[in-house]
Amino acid sequence: MPSLQDELLPSTPGKFKIDNRGPHHRQLHRCFASTSTMFLWALFLIALTASYLSFQSFIDTGNRFIATSWGGIQWERQVRNSAQIHRSGGMSVLVTGAAGFVGTHVSLALKKRGDGVVGIDNFNNYYDPSLKKARRGELQKQGVFVVEGDINDARLLAKLFDVVAFTHVMHLAAQAGVRYAMENPNSYVHSNIAGLVTLLEACKSADPQPAIVWASSSSVYGLNEKVPFSEMHQTDQPASLYAATKKAGEEITHTYNHIYGLSITGLRFFTVYGPWGRPDMAYFSFTRNILQGKPITIYRGKNRADLARDFTYIDDIVKGCIGSLDTAGKSTGSGGKKRGPAPYRIFNLGNTSPVTVPTLVRILERHLEVKAKRNIVEMPGNGDVPFTHANISLARQEFGYKPTTDLQTGLKKFVKWYLSYYGYNHGKPVK
Ligand SMILES: O=C(O)[C@H]1O[C@H](OP(=O)(O)OP(=O)(O)OC[C@H]2O[C@@H](n3ccc(=O)[nH]c3=O)[C@H](O)[C@@H]2O)[C@H](O)[C@@H](O)[C@H]1O
């Protein structure tokens, strides 16, 4: 049976010695014991804080290291050189998503005619980054410097505007792909919403403010059934999260135009294809599978209707981008304040002649001289729309946009590039 004394004392054997020297002594001992416990606890907390702080500083150092992947005298020199204008009346353009498909082609075209171009790209792995690096190689050869960084990095953007007074921003960085939005919705919010706002904030604060031309998408027409799609049509029924983020981008850019006087041009691209294209797109992945002898999946719409797209060749899109840059009026704000109204424009950049997906496959078969193994399935509810068809009269009127490459000719050029880049590994794994 434990004595009362035992009950009054802590039960852990060995922790405290039983003290029989009277209550006063016991109290003192207890007081001393709790002080030493507190002391031990204090020591423990100090050690914990110290290790936390040193861990923080390790992380900070890491961040500093990441941050220093840009910046410095040499880096600034490269940025300045790349931005240098070599023609009278030329522009200096910051191209976001410069190592992307459209970004590379637009950057090269601008550089070729003597404009200054600086690229920025985060080289993410949505598709094979080695293709992006190869595109960067092409850009480097022509003197276009591509900064490796994310448009969500406000400090990097501020630095770029600090180093160069860009006259224009060609904003092409985005999370593309209609169906991938179901797999990774956050990536669309990160790039197409948060990234866009970070970029607009940087442009708003820049002095002088640049004019902005950016990539919206034909997908904003969503479930619209009036054809051909006109900029006057309503675009409030997106069929995918991708489309919804592009539509949101149109609204967001409108507010920056309205509040801060930024000159904005949104381009609704219609299924752009061509050399150096995106491996996630149908024409590209079909080519790879056909060459490897693998089956391709062809979606079919309601009542067995073929899906159709207004496939638009990259060179036509580049002309549309440059036409937009050339005709973009100036931004009017400074110091983050609007000084007057600035242009807000939206244009369709399509081809005006939709082609069905089975026809696309037949053209590829002809160019590749290989028969495709077709797997025809009902279009899953994955954000796809049954058809797209652009009315381009607004772009034609504004800057003479006139696409000249039909799908047959454009795919021939794509296949030629594909075979030269990946090789003709007939039936075998291709890079
Ligand atoms: O204009 C745009 O704004 C968008 O264009 C592009 O989207 P889409 O028009 O959907 O092109 P893409 O994927 O090549 O599918 C083409 C067709 O093949 C069908 N398709 C596709 C894949 C497949 O395995 N099978 C199939 O039948 C498919 O159902 C479709 O009918 C860009 O990817 C997008 O980022 C955005 O820029």
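Computed from a predicted model, the values in this text were never measured in an experiment.

**Looking at the site of the ligand**
Every one of the 22 residues lining the ligand counts as a neighbour, but Arg179, Ser217, Thr297, Arg309 and Asp384 are closest to it. Within the side chain of tyrosine 242, one N or O atom sits 3.3 Å away from an oxygen atom of the ligand. At 2.9 Å from an oxygen atom of the ligand is found a side-chain nitrogen or oxygen belonging to arginine 278. Counting residues per element, the ones that place at least two in the shell around the ligand are helix H9 (282-292) and strand E8 (295-300). Per-element accounting of the shell around the ligand gives the leading share, three residues, to E8. Residues that form the shell around the ligand fall into these classes: twelve nonpolar, six polar and four charged.

**Digging into the pattern of salt bridges**
Under the definition given, this model contains 18 salt bridges. Lysine 371 is the partner of glutamate 365 in a salt bridge, and the nearest nitrogen-oxygen pair spans 3.5 Å. Between arginine 374 and glutamate 365 there is a salt bridge, with its nearest N and O atoms 2.8 Å apart. The class of arginine 374 is partly exposed, set by a relative accessible area of 35%. In the salt-bridge network here, residues are joined through shared partners; they are Arg87, Arg113, Asp115 and Asp326.

**Describing the UniProt feature "domain: NAD-dependent epimerase/dehydratase" (unreviewed entry) in the protein chain**
If you check UniProt for "domain: NAD-dependent epimerase/dehydratase" (unreviewed entry), the listed places come out as residues 93-327 in our numbering. The span residues 93-327 shows a helical share of 43% and a strand share of 18%, and its end C-alpha atoms are spaced 14 Å apart.

**Let's talk about the packing of aromatic side chains**
Enumeration over the complete set of coordinates arrives at 30 aromatic pairs. With 6.0 Å between their ring centres and 35° between their planes, phenylalanine 229 and phenylalanine 387 make a pair best called tilted. Of the two residues, phenylalanine 229 sits in the loop between strand E5 (211-217) and helix H8 (241-260) while phenylalanine 387 sits in the loop between strand E13 (373-378) and helix H12 (393-399), which places them 158 residues apart along the sequence. Seen in terms of ring centroids, tryptophan 417 and tyrosine 418 are 6.4 Å apart; in terms of plane orientation they differ by 80°. Their pairing is edge-to-face. Owing to a relative accessible area of 0%, tyrosine 418 belongs among the buried residues under this scheme. Of the aromatic side chains, those joined through ring pairs into one cluster are Tyr273, Trp276, Tyr283, Phe284, Phe311, Tyr313, Phe414, Trp417, Tyr418, Tyr421 and Tyr422.

**Remarks on the sheet that holds strand E1 (residues 92-96)**
Spatial ordering of the open sheet is given by E3-E2-E1-E4-E5-E6-E11, a layout of seven strands whose pairing is parallel. Two strands bound the open sheet, and with one partner strand each, they are strand E3 (145-148) and strand E11 (344-349). Along the sheet, successive strands turn relative to each other by an average axial angle of 20°, direction set aside. Bridge count for strand E6 (residues 264-269) against E11 is six bridges, and the pairing is parallel. If you follow arginine 268 over to E11, its bridge partner there is asparagine 348.

**A word on helix H10 (residues 314-327)**
Since there are 3.6 residues in each turn of an α-helix, residues three or four apart along the chain are aligned in direction. An ideal rise of 1.5 Å per residue puts 20 Å on 14 residues; H10 measures up with 20 Å between its terminal C-alpha atoms. Where burial is concerned, most of H10 is hidden: ten out of the 14 residues are buried.

**Description of the nonpolar core**
Core analysis: the largest hydrophobic core is formed by 71 residues, its most contacted members being Val102, Met170, Phe269, Tyr283 and Leu411. Of all the elements, helix H13 (residues 407-422) adds the most residues to this core, at seven residues. If we skip the residues at most four places from it in the chain, valine 102 touches Leu172, Phe269, Val272, Ile314 and Ile317. One finds Ala83, Ile120, Leu160 and Leu262 within the second-largest nonpolar core, a separate group that totals 30 residues.

**Section: the packing of helix H11 (residues 357-368) against H13**
Axes are the key here: two packed helices are described by the angle between their axes and the distance separating the axes. At a minimum axis separation of 10 Å, H11 and H13 run at an interaxial angle of 45°. As far as their axial angle goes, H13 and H11 are oblique. Here H11 and H13 pass one another in a crossing that is right-handed. In this structure, H11 contributes Leu360, Ile363, Leu364, Arg366, His367 and Leu368 to the contact, and H13 contributes Leu407, Gln408, Leu411, Lys412 and Val415. Across the contact of H11 with H13, the residue classes break down as seven nonpolar, two polar and two charged.

Cut-offs used in this document
Residues numbered from 1 in each chain as written. Predicted model: local features only at pLDDT ≥ 70, side-chain atom pairs only at ≥ 80, totals over all residues. Heavy atoms only, no water. Near = heavy atom within 4 Å. Polar contact = N/O pair within 3.5 Å; in protein donor to acceptor, adjacent residues only side chain to side chain. Helix = DSSP H or I, 4+ residues; strand = E, 2+ residues; numbered from the N terminus. Nonpolar A, V, L, I, M, F, W, Y, C, P; charged D, E, K, R; others polar. Salt bridge = Lys/Arg side-chain N within 4 Å of Asp/Glu carboxyl O. Buried < 20%, exposed > 50% of the residue type's maximum accessible area, 1.4 Å probe, protein only. UniProt positions renumbered as here; feature names shortened; annotations may be inferred. Phe/Tyr/Trp six-rings, centres within 6.5 Å; stacked < 30°, edge-to-face > 60°. Pairing = 2+ DSSP bridges. Axes fitted to C-alpha atoms, helices over the stretch in contact; angles between N-to-C directions. Expected span 1.5 Å × (residues − 1). Core = buried A, V, L, I, M, F, W, Y, C linked by side-chain atoms within 4.5 Å. Contact = heavy atoms within 4.5 Å. Parallel < 35°, antiparallel > 145°, perpendicular 65-115°, else oblique. Left-handed = near helix turned anticlockwise from the far one by under 90°.

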